[in-house]
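Here are the chains, one letter per residue:
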Amino acid sequence: MMSHEVSHSVAAVATSAASITCSSSPASAVMQLDGLPAELYSAIISHLPADSVQQDVLALTRAIPRSPVPIHNIFERIRLKHAQQIVQLYRRLRNATNERNWVKDFGIVTWTIDADVLVNLLGVLPRISSLLLFVGPNFAPEHLEEIFHRPREDLRSLSLRFCPYVKQATYFQFLKGSYFDTTLTALSHWPSYKLPTLSIVQDPPEPLISSAKHFAQPLVFFRLEPISVLLRSEYTNSLTHLRLRIPGRQVSRFISSFSSFVPALRLLDLSTCNIIASDMEEILTRFHGLQHLILDGCNIARDQSQATEWNNIGKICATATVKRAKAREKELKTWLQHNAATVTVPAVMPPPAARRIRPGRRGLATATISLREEPTASEPDIIHVPAGIVIPRVRIIPSSPALLSLCTSASFITNVQHQTILEEFEKGWDEGLAQLAAVKSRLHGSWKNGMRMMRITVDVNGGGYDGLEAIEGENAFYSEQDDSTRLTPPVLCLAGSDASGKHVEGCGHNIAWNVWNDTI
C-alpha cells in the first residue's frame with residue numbers, strides 16, 4: 001500500500017545524523033541511529049512534504065526498526081486512493097484506540113469504494129479536523145446522513161466532491177430519486193462549532209460524454225433550499241471560505257436573499273454555477289466583507305469582447321456597499337415601525353353565501369363543482385403608528401469596498417482584448433468610487449443638519465441597531481480609502497481554473513488553491 005523506499009530527504013538527514021559522534025567516548029565512536037532521541041526524528045519529519053510524510057516515516061521504521069521513529073506521523077494525514085485500502089485501514093484501526101485518535105487529516109480520493117465500510121471507518125475516527133470525500137456512484141444519501149448524523153467538534157475543513165457517474169454516463173440516481181439534499185440538512189443541525197472552510201463541489205460532466213451522447217447534467221441536489229438552511233445555521237457562523245459549485249444551477253438567490261448569512265465570509269467560489277452580473281451585484285451587496293470572489297465558467301459578462309460589459313462590472317464592484325447601506329436602512333426602518341406600532345389584522349371575512357338554487361330544470365352543461373380557488377381572507381399586516389409617536393430617521397453610511405480580487409474565465413480573447421477589458425474594468429471602478437464619494441458627500445450635508453448617521457460594523461442575526469455604530473465625527477464621510485488614487489481596483493484574473501494559465505499575482509485562484517490544497 002505504501003512505498004518501502006526511504007526518500008532522498010530522509011536518507012540524507014539520517015546519514016548526517018549517523019555521523020554525529022559521542023563526545024563523551026574517548027574513542028569518539030559513531031553514535032548509532034537507534035540511540036538518537038525521538039525528538040530529533042520528529043524535527044526531521046517536520047521538514048518533509050506533507051504528501052510524502054506517510055511513506056517516508058513508514059520507510060524509516062522498516063529501515064531502522066530499533067530506532068524511536070514516531071509512528072503517529074503515519075496516521076496523522078491519510079489519503080486513500082484505492083477501494084481495498086479502506087478495508088485494510090478499518091481492520092487496522094477498529095481495535096487500535098491510540099492510532100485512530102492520531103488521524104487528523106483524512107481523505108478519500110477515489111470514486112469507487114464500499115460506502116458501507118467507509119461509514120464504519122469514519123465511525124472509529126473521532127478526532128478528524130480535515131475531511132475530504134469523493135462521493136461517487138456507490139454512495140447513497142443515507143450513507144452521508146449516517147456519516148454526518150453525529151457532530152464533529154474538531155472538524156475545521158470539510159470538502160465534499162460529488163460525481164454521480166464515473167466511467168459510464170447514467171441517469172440511475174435520477175431514476176432512483178436519490179438526491180443529497182439531506183446531507184446539507186444534516187449539517188445544518190450541528191451546533192455552533194468553528195468551521196472556517198467548507199467546499200461542496202459537483203463535477204461537471206466530461207465534455208466528450210455530454211456532447212457525444214447528448215447527456216444532460218445529472219442532479220445531485222434536487223432542491224436548493226437546503227443551501228439556505230445550512231448557511232443560516234449556527235454551524236456556519238464562523239465560515240470564512242466557501243466553495244459551492246453546482247453546474248448550471250441558479251444558486252445566487254439561495255445565498256444572498258437573507259441578511260445574516262455567514263458574516264465572516266472572506267472568500268467565495270461559485271464557479272460553474274449560473275451567475276450573471278446582477279447576481280454578482282447581489283452577492284457583493286450581501287457579503288460586504290467579501291475579499292475574493294471566484295466565478296470561473298460563469299457568464300457575468302454576456303459578451304466578453306464588449307468593453308462596456310466590464311466597465312459595468314467594475315462599477316458594480318465599487319458601488320455594492322451603497323446598495324447594502326440602503327437595504328440596511330430599510331431593515332432598520334421596518335424594525336423601528338414594528339417597535340413603535342400596533343399590528344392589527346383585519347377581521348376575518350365572512351364565508352360567501354351559498355348560491356340559492358332556483359326551481360326548474362337545470363342545464364346539462366351547468367357545472368356542479370368549481371376548480372377556482374376560494375377567495376382568501378388573509379391580508380398582510382397593517383402597521384398603525386399611534387398618533388404622537390415619531391419614528392426616528394436614521395441613515396446608513398456605505399463602507400468602502402472590501403473586494404480584493406475578482407476571478408473568472410474569459411476564453412478566446414486576444415492580448416489586445418485582454419488589455420482593453422482591464423482598462424474598462426478599472427475605468428468602471430473609478431466611476432463607481434466617484435459615485436460612492438458623492439453619496440457620502442450628500443450624507444455629510446444631512447449629518448451637519450442634524451440627521452442621525454450610523455455605519456455597519458458586522459452582520460448579525462435580528463434587526464434593530466445590532467451591528468450598527470453611531471457616527472460621531474467627519475472622518476467617516478471622507479475616508480482616504482474612497483480616493484480613487486489611493487484605493488486600487490480589485491485584481492481581475494481571467495485565467496480560469498487552469499493552474500497553468502496566466503494568473504495575476506494576488507488573484508483569488510492562488511489563495512483558493514492554498515485553502516483547499518487542490519487546483520480544481
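These numbers were taken from a predicted model, which means no experiment stands behind them. (Residues numbered from 1 in each chain as written. Predicted model: local features only at pLDDT ≥ 70, side-chain atom pairs only at ≥ 80, totals over all residues. Heavy atoms only, no water.)

## Looking at the state of the cysteines
Taken as a whole, this structure holds zero disulfides when the rule is applied. Here C273 is not disulfide-linked; the sulfur of C298 is the nearest cysteine sulfur, at 6.1 Å. Using a relative accessible area of 3% as the deciding quantity, one classes C273 as buried. Here C298 falls in the buried class, since its relative accessible area comes to 3%. (Disulfide = S-S within 2.5 Å. Buried < 20%, exposed > 50% of the residue type's maximum accessible area, 1.4 Å probe, protein only.)

## Observations concerning the sheet that holds strand β11 (residues 394–397)
As summarised here, the arrangement of the three strands in space is β11-β13-β14, forming an open sheet in which the pairing is mixed. The open sheet has two edge strands, β11 and β14 (468–470), and neither has a second partner. The average angle at which neighbouring strand axes cross in this sheet is 40°, direction not considered. As paired elements, β11 and strand β13 (residues 452–456) share four bridges and run parallel to each other. Residue pairing in the sheet places I397 in a bridge with R455 of β13. This element, helix α15 (residues 307–340), spans β11, β13 and β14 of the sheet and lies at about 155° to β11. (Pairing = 2+ DSSP bridges. Helix = DSSP H or I, 4+ residues; strand = E, 2+ residues; numbered from the N terminus. Axes fitted to C-alpha atoms, helices over the stretch in contact; angles between N-to-C directions. Contact = heavy atoms within 4.5 Å.)

## Digging into the pattern of salt bridges
Counted under the stated rule, the structure contains 14 salt bridges. Here R324 ties to E331 by a salt bridge, and the two come within 3.9 Å at their closest N and O atoms. In this structure E331 comes out as partly exposed when scored by relative accessible area, which is 32%. E331 is the partner of R328 in a salt bridge, and the nearest nitrogen-oxygen pair spans 3.9 Å. With R328 and E331 both in helix α15 and three residues apart, the pair spans about one turn of that helix. R328 gets classed as buried once you look at its relative accessible area, which sits at 6%. Connected via shared salt-bridge partners are R77, R79 and D105. (Salt bridge = Lys/Arg side-chain N within 4 Å of Asp/Glu carboxyl O.)

## With respect to the sheet that holds strand β8 (residues 292–295)
Sheet architecture is open: ten strands sit in the order β1-β2-β3-β4-β5-β6-β7-β8-β12-β15, paired in parallel fashion. Strand pairing shows two members of the sheet lacking a second neighbour, β1 (77–80) and β15 (491–493), which therefore form its edges. Within this sheet the neighbouring strands show an average axis-to-axis angle of 5°, counted without direction. Relative to strand β5 (residues 197–202), strand β4 (residues 157–162) runs parallel, the two sharing six bridges. Residue pairing for β5: L160 is matched across the bridge by I200. Lying over the sheet, helix α5 (residues 83–93) contacts β1 and β2 (105–108), oriented at roughly 140° with respect to β1.

## A short note on the environment of H288
Counting through the fold element by element, H288 comes out in the loop between α14 (277–286) and β8. Given a relative accessible area of 16%, H288 falls into the buried group. As for H288 and T321, which are separated by 33 residues in sequence, their C-alpha atoms are 6.5 Å apart. With near-sequence residues (within four places) excluded, H288 lies in contact with R324, S399, A402, I456 and D459.

## Focus: the packing of aromatic side chains
By the definition in use, this model includes nine aromatic pairs. Relative to F477, the ring of W447 has its centre 5.4 Å away and its plane inclined at 40°; by these criteria the two rings are tilted. Here F477 lies in the loop between β14 and β15 and W447 lies in helix α16 (residues 415–448), a separation of 30 residues in the sequence. Three or more aromatic residues joined by ring pairs form one cluster here, namely F148, W190 and Y235. Above the ring of W516, the side-chain terminus of R243 is found at 4.5 Å from the ring centroid. (Phe/Tyr/Trp six-rings, centres within 6.5 Å; stacked < 30°, edge-to-face > 60°. Lys NZ or Arg CZ within 6 Å of the ring centre and 35° of its normal.)

## Observations concerning helix α10 (residues 181–188)
Among the eight residues that make up α10, six are buried, leaving the element largely enclosed by the rest of the structure. Regarding α10, the residues found buried are D181, T183, L184, A186, L187 and S188. Looking at the buried side of α10, the elements it contacts are α8 (141–147), β4, β5 and α12 (225–231).

## Topic: the nonpolar core
Counting residues in hydrophobic clusters, the biggest one holds 108 residues, and the most contacted among them are F106, L133 and F148. In contact with F106, other than residues within four places in its own chain, are I78, R79, L80, L89, L118, L121, L122, L125, I128, S130, L131 and L132. Counting residues in hydrophobic clusters, the runner-up holds eight residues, among them A325, V394, M454 and I456. (Core = buried A, V, L, I, M, F, W, Y, C linked by side-chain atoms within 4.5 Å.)

## A few points about the confidence of the model for the protein chain
Chain-level pLDDT for the protein chain is 82 on average; 77% of the residues reach the 70-or-more range. Counting interchain partners and residues more than four positions distant, the pLDDT-below-50 stretch residues 343–350 has eleven contacts. Across residues 369–380, confidence stays below pLDDT 50; counting only partners more than four residues off in sequence or on other chains, it has five contacts. (pLDDT = per-residue confidence, 0-100.)

## What about the side chain of E329?
Structurally, E329 is set in helix α15. A distance of 2.9 Å separates the side chain of E329 from the side chain of R395, its partner in a polar contact. In this structure the side chain of E329 is engaged in a polar contact, spanning 2.8 Å, whose partner is the backbone nitrogen of I396. In this structure, E329 is in contact with V394, R395 and I396, ignoring residues within four places of it in sequence. (Polar contact = N/O pair within 3.5 Å; in protein donor to acceptor, adjacent residues only side chain to side chain.)

## Observations regarding the packing of α14 against α15
α15 packs onto α14 with a crossing angle of 45° between their chain directions and a minimal axis gap of 8 Å. Looking at the two axes, α14 sits oblique to α15. Considering how the two elements wind past one another, α14 and α15 form a crossing that is right-handed. On α15, the residues that touch A277, M280, E281, E282, L284, T285 and R286 of α14 are I313, I316, C317, A320, K323 and R324. Of the residues contributing to the contact of α14 with α15, the split by class is seven nonpolar, one polar and five charged. (Parallel < 35°, antiparallel > 145°, perpendicular 65-115°, else oblique. Left-handed = near helix turned anticlockwise from the far one by under 90°. Nonpolar A, V, L, I, M, F, W, Y, C, P; charged D, E, K, R; others polar.)

## Looking at the pairing of β13
Here three bridges tie β13 to β14, and the two strands are oriented antiparallel to one another. If you follow R455 over to β14, its bridge partner there is E469.

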